[in-house]
Amino acid sequence: TVLAEIPGDYEPSEEEVTDYAKWLGIDTAQEQSLMWIAREGIKAPLPQGWKACKSSSGDIYYFNFETSESMWEHPLDNKYRQLCRREREKMAEEKVQCSVTEMRETEQRKIRELEIASSERIRKKKQELEELERREVPALPPLFPAPHTKPDGQGRAGGAGSAAEEEEDTIGQEQRNQRSGPDSRWLRG
């Protein structure tokens, strides 16, 4: 027996949509975002040539009067199952993209935190160095005493010397002369 076609303004109940969603393999508790596929699928008209029929035992099957093909499932069920699969893949890809984006953002945030922490450590080290420089550190004596030269002819190098310094220089010169002996006259100044 050929069944009457479903009218175009047919609005299925929530129970019918849920049953069809389960038939398509949609987890109605976890995949609410796919329920639109079930709603669209249950309302979809049969393709051209197909009619819903009822067997003598009361079971519904579908028959194509143009090709004489028959099947137990609605001819569009497979189309809507594939649509569910594609949507799941798309959602999984979006989830991966979101995860990658979140990972990048987390990584960038950690890098910024490290940069801030590093710059803070650098700032503290600079402050410590500046503090050390501000402290009075006693001057160390020179490793080698300055030479007693008199380029300007007046005491120690670069300036007028006191009488005591000149006397010291004279005594020092005499001691050097005594050490050097007569063969080293050319060394005397």
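Above this text is the structure in question.
Quantities reported herein were computed from a predicted structural model and do not represent experimental measurements. (Residues numbered from 1 in each chain as written. Predicted model: local features only at pLDDT ≥ 70, side-chain atom pairs only at ≥ 80, totals over all residues. Heavy atoms only, no water.)

### Quick notes on helix H3 (residues 77–134)
Because the α-helix completes a turn every 3.6 residues, residues three or four places apart line up on one side.
At step 1: End to end, H3 covers 84 Å across 58 residues, agreeing with the expected 86 Å (1.5 Å per residue, within 8%).
At step 2: Along H3, the residues that are buried comprise Asp 77, Tyr 80, Leu 83, Cys 84 and Glu 87.
At step 3: On its buried face, H3 is in contact with helix H1 (14–24) and helix H2 (35–43). (Helix = DSSP H or I, 4+ residues; strand = E, 2+ residues; numbered from the N terminus. Expected span 1.5 Å × (residues − 1). Buried < 20%, exposed > 50% of the residue type's maximum accessible area, 1.4 Å probe, protein only. Contact = heavy atoms within 4.5 Å.)

### Considering the packing of H1 against H2
Helix packing geometry: the angle between the two helix axes and the distance between the axes.
At step 1: For the pair H1 and H2, the least separation of the axes is 8 Å and the interaxial angle reads 105 degrees. Accordingly, the angle class assigned to the pair H1 and H2 is roughly perpendicular. Every residue of H2 that contacts H1 at Glu 14, Glu 16, Val 17, Thr 18, Tyr 20, Ala 21 and Leu 24 is listed here: Met 35, Ile 37, Ala 38, Arg 39, Gly 41 and Ile 42. (Axes fitted to C-alpha atoms, helices over the stretch in contact; angles between N-to-C directions. Parallel < 35°, antiparallel > 145°, perpendicular 65-115°, else oblique.)

### Overview of the layout of surface pockets
At step 1: Roughly 660 Å³ of volume is contained in the largest pocket.
At step 2: Together, 26 residues line the largest pocket, and Ile 6, Ile 42, Ala 52, Tyr 62 and His 74 are the ones closest to its centre.
At step 3: Mapped by element, the contributors of at least two residues to the lining of the largest pocket are H1, H2, strand E1 (50–54) and strand E2 (60–64).
At step 4: A breakdown of the residues in the lining of the largest pocket according to their chemical character gives 16 nonpolar, three polar and seven charged. (1 Å grid on protein atoms, 1.4 Å probe; cavity = no way out; pocket = protein on both sides within 12 Å on 5 of 7 lines; lining within 4 Å. Points joined across faces, edges and corners; volume = space filled by probe spheres on them. Nonpolar A, V, L, I, M, F, W, Y, C, P; charged D, E, K, R; others polar.)

### What about the sheet that holds E1?
At step 1: The antiparallel open sheet is built from three strands, whose spatial order is E1-E2-E3. Taken across any chain shown, the strands that pair with only one partner, and hence form the sheet edges, are E1 and strand E3 (70–71). (Pairing = 2+ DSSP bridges.)

### Some words on the pattern of salt bridges
At step 1: A complete count under the given rule lists ten salt bridges for this structure.
At step 2: A salt bridge links Glu 31 to Arg 88; the shortest N-O distance between them is 2.6 Å. Of this pair, Glu 31 sits in the loop between H1 and H2 while Arg 88 sits in helix H3, and the two are 57 residues apart along the sequence.
At step 3: Of the charged contacts, one joins Glu 89 and Arg 85 as a salt bridge, the two residues approaching to 3.2 Å between their closest N and O atoms. Taken together, the residues span about one helical turn, with Glu 89 and Arg 85 both in helix H3 at a distance of four residues. (Salt bridge = Lys/Arg side-chain N within 4 Å of Asp/Glu carboxyl O.)

### Observations concerning the packing of aromatic side chains
At step 1: Throughout the structure, instances matching the rule amount to two aromatic pairs.
At step 2: Note on Tyr 61 and Trp 72: the rings are 6.0 Å apart at their centroids and 70 degrees apart in plane angle, and the pair reads as edge-to-face. Of the two residues, Tyr 61 is situated in strand E2 and Trp 72 in the loop between E3 and H3; the sequence distance between them amounts to eleven residues.
At step 3: Under the relative-accessibility criterion, Tyr 61 is labelled partly exposed at 23%.
At step 4: Aromatic pair Phe 63 and Phe 65: ring centres 4.7 Å apart, planes at 75 degrees, arrangement edge-to-face.
At step 5: By relative accessible area, which is 46% here, Phe 65 ends up partly exposed. (Phe/Tyr/Trp six-rings, centres within 6.5 Å; stacked < 30°, edge-to-face > 60°.)

### A word on the environment of Tyr 20
At step 1: Mapped onto the fold, Tyr 20 is located in helix H1.
At step 2: The exposure class of Tyr 20 is buried, given its relative accessible area of 11%.
At step 3: Tyr 20 sits 17 residues away from Ile 37 along the chain, and the two C-alpha atoms are 9.6 Å apart.
At step 4: Leave out the neighbours within four places in its chain, and Tyr 20 touches Ala 38, Gly 41, Ile 42, Asp 77 and Tyr 80.

### Some details on H2
At step 1: Residues of H2 that are buried: Met 35, Ile 37, Ala 38, Gly 41 and Ile 42. Viewed end-on, H2 has its buried residues packed into an arc of 150 degrees, placing them on one side of the element.
At step 2: Looking at the buried residues of H2, the elements they touch are H1 and H3. (Arc of directions from axis to C-beta.)

Note that every value here comes from positions in space, so none of it alone points to a role or purpose.
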